[in-house]
Amino acid sequence: MSLSQNGPTTERHGGNFIAEVLARHGVRHLFVLCGGHISPILTGCEQAGIKVLDTRDEASAVFAAEAAARLTGVVGVAAVTAGPGVTNSLTAIKNAQMAQTPLILFGGATATLLKGRGSLQDIDQLSVLKPMTKWAVTVKTVPSLAGIVERAIDIATSGVPGPVFIEVPVDLLYPESVVRQWHAKELAGGDSVTEKAMGMYVQAHLYRQFNAPALAQLPRPHVPSMARLQQTGSITGVVAALATAKKPVLVIGSQALVNTKNAAPLARAVQALGIPVFLGGGARGLLGRSSATQFRHARGAALKEADVVIVAGFPFDFRMGYGRGINRKAVLIAANLSASELKKNRKPDMTLQMHAGQFLIELAEATPASARDQPEWSPWFKTLREREAARDREIAEQAKVVGPYVNPLDICLTIESLMADDAILVVDGGDFVATAAYTLRPRAPLSWLDPGVFGTLGVGGGYTLGAAASAPGREIWLIWGDGSSGYSLAEFDSFVRHGLAPIAIIGNDASWAQIARDQVEILGTSLGTDLVRTNYHKVAEGYGGVGLFIESPAQVKIVLAQAKKVAASGKPVCVNVLINATEFRKGSISI
């Protein structure tokens, strides 16, 4: 089907109907990679006041939408063209599913009359997307568009949040007059009975497309995403358990902040509870850079000794030792939106199926002031603080180890000292990023973006785009491994085109180090893990960014300060840092 016509049209179209629903729900950005199948979605969003940011890779568009959803509490939205555009986004969609991020992906599709007939980029997209989304649907009539988008937002944000896929055939997006013109050209000149019958069929089909009632696809009643779904334990039971605790521990995961536009009430609640707390994933930064009750090191040791353990919005997966590392004699309490995550690998003594953030707020409200910061907890706090200080001293000493290039701990500690109070951290990599996780302290809630449980490499460019767009004026730091930077370094082009100015730091050790370290020791070869010390900063320059280079410790503070000035001037900057191989994370491979 040819998409040409005589001049632009001002007629309303399917893209307008989609955009109006998105705008009504507070969506501020649409992340895309263009394609003829989806062009009206882009123009419709622009007309509705939604900023369109195009990327260099479909996965980056979806990652950007995921980042926007996490930082704003509003559903993230991306649009990609049909066929390979959709399949290129699959890893990012799966990441959003496992990270429980509310997201809508619009996928283009061939015209309804051409489905299954060998049209360009026509594949069965729904069968591919259904297993990794909460809902995958094809829109069949224009009047159904708004209702389906409304329902998609509801589904994506309610219950356990996650991605939704909406396939929109191209002839439901373009203006009716244009679509009729396309079909008229296809049918022109036919005088046989068969061709006339076909013309009548097409006209009837077009009438249904643009005029059929949408009653069968009205959105379901809205279910507030913060509402309690089920309670198998009780808030009062948790209060009672804490009242007798001598060594309580609270672990908070990303789910505690999902759909959260304002994290301040949750932060106040956690501070008020006064329980020793460890923050994981997107919850990092909830209590700011430092807090008297927040700990970053020796979580495993604390869980083995604790007598009451509260896990809020964090599954008992590999990051928690599958629950086996938690003291078997402890009272174990879990709050989670997911019924399966509540009991996977380890059965808690109390389970509360509800939003983990809301659980903590209610727990703080129900806990008497006299029961907070109990004197009986003082020896426990003393032990935890001694361990914290000892680990920090150990890291500081290891940062002094001299090598031919820059100690990765040294560069991370310097970044920590230079980051602005409003900084947002995006991390994408293995060994270098994990090193950064020990040393970098997020300054505020909703200021740390990592891929989550899927451990996806390649999120950096997209997450950074989404973060910079969602938080204009804030300092954005992207911490990249040299291997992972190769997935999305091209997004420097997107940063430049959209006037965004993040600071990207590439830890360049010429290796997929997290894999190489154990592979060499166990199998005796670095096969497949060797890189070279590529001039990544020159690549960023080629895309229009500013490239800086560090190869010795003496340059670190000077160049990082320069990078901050460049970013403050409105230009994206890539700092390529040659780093030493270290033994800091020996034996830490996750498989």
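Residues numbered from 1 in each chain as written. Predicted model: local features only at pLDDT ≥ 70, side-chain atom pairs only at ≥ 80, totals over all residues. Heavy atoms only, no water.

1. Description of the overall build of the chain
The secondary structure content of the chain amounts to 23 helices and 19 strands. Taken across its 591 residues, the chain has 56% of its residues classed as buried. In the chain, of all internal contacts separated by at least 6 residues, the share reaching a separation of at least 24 is 76%. Accessible surface for the chain amounts to roughly 23700 Å². Of this, 56% is attributable to carbon and sulfur atoms. (Helix = DSSP H or I, 4+ residues; strand = E, 2+ residues; numbered from the N terminus. Buried < 20%, exposed > 50% of the residue type's maximum accessible area, 1.4 Å probe, protein only. Contact = heavy atoms within 4.5 Å. Areas by Shrake-Rupley, 256 points an atom, 1.4 Å probe, with all protein chains shown as cover.)

2. Examining the packing of aromatic side chains
Under the criterion given, the structure shown has four aromatic pairs. Aromatic side chains F63 and Y463 sit 5.8 Å apart centroid to centroid with 90° between the ring planes, which places their arrangement in the edge-to-face category. A residue pair is termed long-range when its members are at least 10 positions apart, and F63 in helix α3 (residues 58-72) and Y463 in helix α18 (residues 460-470) qualify at 400 residues. For the pair F63 and Y463, a shared accessibility class is recorded, and that class is buried. Aromatic side chains F295 and F381 sit 6.1 Å apart centroid to centroid with 35° between the ring planes, which places their arrangement in the tilted category. Taken together, the residues span a long stretch of sequence, with F295 in strand β10 (residues 294-295) and F381 in helix α15 (residues 378-398) at a distance of 86 residues. Of the two residues, F295 and F381, both sit in the buried class. One aromatic cluster is present, built from ring pairs that chain together F278, F295 and F381. Taking the ring centre of W135 as reference, the NZ or CZ of R151 above it sits at 4.9 Å. It is R284 that lies over the ring of W448; its NZ or CZ is 3.8 Å from the centre. (Phe/Tyr/Trp six-rings, centres within 6.5 Å; stacked < 30°, edge-to-face > 60°. Lys NZ or Arg CZ within 6 Å of the ring centre and 35° of its normal.)

3. As for helix α16 (residues 408-418)
Buried within α16 we find P408, L409, I411, C412, T414, I415 and E416. Measuring from the side-chain oxygen of the N-cap residue of α16 to the backbone nitrogen of L409 gives 2.8 Å; that N-cap residue is N407. (Polar contact = N/O pair within 3.5 Å; in protein donor to acceptor, adjacent residues only side chain to side chain.)

4. Remarks on the pairing of strand β19 (residues 573-578)
For β19, the buried fraction is high: six of the six residues fall into the buried class. What you see with β19 is no split at all: V573, V575 and V577 on one side and C574, N576 and L578 on the other are buried throughout. Bridging between strand β17 (residues 503-508) and β19 involves six bridges; their strand directions are parallel. Among the inter-strand pairings, G507 is bridged to a residue of β19, identified as V577. As paired elements, strand β18 (residues 546-550) and β19 share five bridges and run parallel to each other. Across the sheet, residue G547 finds its bridge partner in β19, namely C574. Once you follow β18 into helix α23 (residues 556-568) and on to β19, the crossover reads as right-handed. (Pairing = 2+ DSSP bridges. Right-handed = clockwise from strand over helix to strand, strands pointing away.)

5. Re the pattern of salt bridges
Taken as a whole and assessed by the stated rule, the structure comprises 19 salt bridges. Measuring nitrogen to oxygen at the nearest pair gives 2.1 Å for the salt bridge that ties R391 to E394. Separated by three residues within a single helix, R391 and E394 lie in helix α15, roughly one turn from each other. On the accessibility criterion, E394 (41% relative accessible area) is partly exposed. Notably, a salt bridge pairs K400 with E397, separated by 3.1 Å at the nearest N-O pair. The exposed category is assigned to K400, whose relative accessible area is 56%. Each of D54, R56, D493 and R497 takes part in a single network of salt bridges with overlapping partners. (Salt bridge = Lys/Arg side-chain N within 4 Å of Asp/Glu carboxyl O.)

6. Concerning the sheet that holds strand β14 (residues 424-428)
Pairing in this open sheet of six strands is parallel, and the strands run β15-β14-β16-β17-β19-β18 from one edge to the other. A strand with exactly one partner marks an edge of an open sheet, and here the two such strands are β15 (448-449) and β18. Where strand β16 (residues 476-481) lies against β17, five bridges are found, and the strand directions are parallel. From the neighbouring strand, L478 faces β17, where its bridge partner is A504.

7. So, the nonpolar core
Residues I252, L286, I310 and F359 are the most contacted members of the largest nonpolar core, which totals 105 residues. Ranked by residue count, the leading element in this core is α3, at nine residues. Discounting residues that sit within four places of it in the chain, I310 has contacts with V238, L242, V249, L250, V251, I275, I333, F359 and L363. Ranked by size, the runner-up nonpolar core spans 41 residues in total, among them V21, A152, I166 and V179. (Core = buried A, V, L, I, M, F, W, Y, C linked by side-chain atoms within 4.5 Å.)

8. Side note on the packing of α16 against helix α17 (residues 431-439)
One way to put it is that α16 packs onto α17 with a least axis distance of 9 Å and a crossing angle of 50°. For the element pair α16 / α17, the angle class is oblique. In the crossing of α16 with α17, the sense of the turn from one axis to the other is right-handed. On the side of α16, the interface is formed by P408, L409, I411, C412, L413 and E416, while α17 contributes F432, T435, A436 and T439. Partitioning the contact of α16 with α17 into residue classes produces seven nonpolar, two polar and one charged. (Axes fitted to C-alpha atoms, helices over the stretch in contact; angles between N-to-C directions. Parallel < 35°, antiparallel > 145°, perpendicular 65-115°, else oblique. Left-handed = near helix turned anticlockwise from the far one by under 90°. Nonpolar A, V, L, I, M, F, W, Y, C, P; charged D, E, K, R; others polar.)

9. Topic: the confidence of the model for the chain
Averaged over all residues, the pLDDT of the chain is 90; the fraction at 70 or higher stands at 89%. A low-confidence stretch, residues 221-229 (pLDDT under 50), is modelled with 18 contacts involving residues beyond four sequence positions or located in other chains. (pLDDT = per-residue confidence, 0-100.)

10. A look at the pairing of strand β5 (residues 135-138)
The alternating pattern of β5 places W135 and V137 on one face and A136 and T138 on the opposite face, and all of these are buried. Pairing analysis gives four bridges linking β5 to strand β6 (residues 163-169), with the strands arranged parallel. Following the sheet pairing, W135 is matched in β6 by V164. Handedness of the β-α-β unit built from β5, helix α7 (residues 145-157) and β6 comes out right-handed.

11. What to know about the sheet that holds β6
Strand order across the open sheet formed by six strands is β2-β1-β3-β4-β6-β5, with parallel pairing between neighbours. On the outer flanks of this sheet lie β2 (51-54) and β5, each paired with one strand and no other. Strand-to-strand, the axes of this sheet are offset by a mean angle of 20°, without reference to chain direction. Sheet strands touched by α7: β4 (103-109), β5 and β6. Its angle to β6, the strand with the most contacts, is close to 165°.

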